[in-house]
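# Residue-level structure breakdown
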Amino acid sequence: MAGPPVVIWDQDVEGLLHYRELVPRLEEALGKFSRRDSTEVIQPVRTTLTLQKHHGFLGLMPTYMENDGVLCTKFVCFYKREDGSSLPATQATLVLLDPEYGNVKAVMDGELITGMRTAAVSAISAKLLMRPEAEVLAILGTGKQALSHYNAFTDMFSFKEVRVWSRTRQKAERFCRSVSGPVTVCVSVQEAVRGADAIVTVTRCTEPVLFGQWVKPGAHVAAVGACRPDWRELDDVLMKEAVVYADSREGAMAESGDVILSGAEVFAELGDVINGTKTAHREKTTVFKSLGMGVEDAVSAQLVFDQWKRHTPKL
Ligand SMILES: NC(=O)C1=CN([C@@H]2O[C@H](COP(=O)(O)OP(=O)(O)OC[C@H]3O[C@@H](n4cnc5c(N)ncnc54)[C@H](O)[C@@H]3O)[C@@H](O)[C@H]2O)C=CC1
Ligand SMILES: O=C([O-])C1=[NH+]CCC1
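Residues numbered from 1 in each chain as written. Chains lettered and ligands numbered in written order. Predicted model: local features only at pLDDT ≥ 70, side-chain atom pairs only at ≥ 80, totals over all residues. Heavy atoms only, no water.

Moving on: the sheet that holds strand β3 (residues 56–65). One open sheet holds the six strands; their spatial order is β1-β6-β5-β4-β3-β2, and the pairing between them is mixed. Of all strands in the sheet, those with a lone pairing partner are β1 (6–8) and β2 (47–51), marking the two edges. This sheet shows a mean twist of 15 degrees between the axes of neighbouring strands, independent of strand direction. In this structure, strand β5 (residues 90–97) lies alongside strand β6 (residues 104–109), joined through five bridges in antiparallel fashion. The residue bridging L97 from the neighbouring strand is V104, located in β6. In this fold helix α11 (residues 294–311) packs onto β1, β3, β4 (70–79), β5 and β6, with an angle of close to 70 degrees to the strand it touches most, β3. (Pairing = 2+ DSSP bridges. Helix = DSSP H or I, 4+ residues; strand = E, 2+ residues; numbered from the N terminus. Axes fitted to C-alpha atoms, helices over the stretch in contact; angles between N-to-C directions. Contact = heavy atoms within 4.5 Å.)

It is worth spelling out the side chain of T285 at this point. Tracing the backbone through its elements, the reader meets T285 in the loop between α10 (270–275) and β14 (286–289). Among the polar contacts made by the side chain of T285, one reaches the main-chain amide nitrogen of G218 at a distance of 2.9 Å. Setting aside its immediate chain neighbours within four residues, T285 contacts V215, K216, P217, G218, A219, L238, A242 and V243. (Polar contact = N/O pair within 3.5 Å; in protein donor to acceptor, adjacent residues only side chain to side chain.)

The residue E66 is located in the loop between β3 and β4 in this model. Sequence-wise, E66 and T39 are 27 residues apart; in three dimensions their C-alpha atoms are separated by 5.2 Å. Once residues lying within four places of it in the same chain are set aside, the contact partners of E66 are T39 and E40.

Our next topic: unusual backbone geometry. Phi at H55 takes a positive value of approximately 55 degrees, unusual for a residue other than glycine. The residue A226 is not glycine, and still its phi comes out positive at about 55 degrees. With respect to the helices, strands and loops of the structure, A226 is situated in the loop between β11 (220–223) and α7 (236–241). A226 gets classed as buried once you look at its relative accessible area, which sits at 3%. (Buried < 20%, exposed > 50% of the residue type's maximum accessible area, 1.4 Å probe, protein only.)

What follows concerns the site of ligand 1. T142, Q145, K171, R204 and S290 are the nearest of the 25 residues found near ligand 1. T142 is positioned with one of its backbone polar atoms (N or O) 2.8 Å from an oxygen atom of ligand 1. R204 places a polar side-chain atom, nitrogen or oxygen, 2.7 Å from an oxygen atom of ligand 1. Within the residue set of the shell around ligand 1, elements represented by two or more residues are α3 (111–129) and α4 (144–156). (Near = heavy atom within 4 Å.)

One open sheet holds the eight strands; their spatial order is β9-β8-β7-β10-β11-β14-β12-β13, and the pairing between them is parallel. Whereas interior strands pair on both sides, the edge strands pair on one side only; in this sheet they are β9 (184–186) and β13 (266–269). Averaged over all pairs of adjacent strands, the angle between strand axes in this sheet comes to 20 degrees, irrespective of strand direction. Two strands pair when backbone bridges link them, and strand β8 (residues 161–165) and β9 are joined in this way by three bridges, in the parallel orientation. For W165, the partnering residue across the bridge sits in β9 and is C186. Contacting β11, β12 (243–246) and β14, α3 runs over the sheet at an angle of about 160 degrees to β11.

And the structure:
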């Protein structure tokens, strides 16, 4: 009989997961997903239950990678909280199973994994779609994803300026104090995105906050919030003018208000660009619509588990 699962919680995850190992694994996983080969990745669109009383949702994200022997599911609760609420906006737990025996090998805290894998995928979108001479990064939002995106983007690229916008100056200043490099606080979205080459939207807003008329032609936008069919971060002008990429075409058509309500066409998945089957239109304005995928969690959880085994002496 299999032993009990190991529990790998927040601080342990922190020491085991690094962008330098995570990014190549995610690039490979995105490519595998877009090949739609069921021996490589089986990943249905997230099943979402509404938690009406708590203004939230439970997302179930199972993934099986047969060739790699990885079976994983994530439980993620996310909420439409009022700003200032002391309750979390997102909570996630990952469960890694043995696909042959069916036992649970590990249970992991999903907060850092979700933050890092989401930011790493956005950074991959920028690597593929942003102009190489990009100098200015603007981040809209100052929460957990804003922090992980700051870390991933400044780790992978050399921007001359990083700007941040939040609804209150106080929050933007708090964000600046929490990061290790220089950041310019902007008092409006317009000020933050004016002339920016890369824009990351990581807000909990449900109405557009970024408008196409403010975006520099040729800029790359990684749109990470608004993960419900009736939630928006970007306006119709931006969605229609840009070449739109997604992590999962089916996910975007089912869950992205920015895609569904604007009627914009999803040109390609990031994996299609990685596989060389679709063009990276770096010269045009591009939007990467991120919804988050189970396969990203699966490869991240496997990486954490492998590192944990390497670093934990046999009992
Ligand atoms: N695409 C993906 O894979 C993932 C997406 N998300 C989504 O990313 C977004 C950010 O998540 P976290 O950073 O964890 O949340 P958070 O609560 O830590 O930060 C949210 C930020 O949005 C701001 N905000 C809230 N309401 C706003 C509004 N109406 N207008 C403008 N700004 C507003 C807050 O002040 C805060 O700066 C959420 O929508 C979350 O559901 C989260 C995890 C993965
Ligand atoms: O992929 C993910 O974990 C999430 N996407 C939207 C909210 C949480």
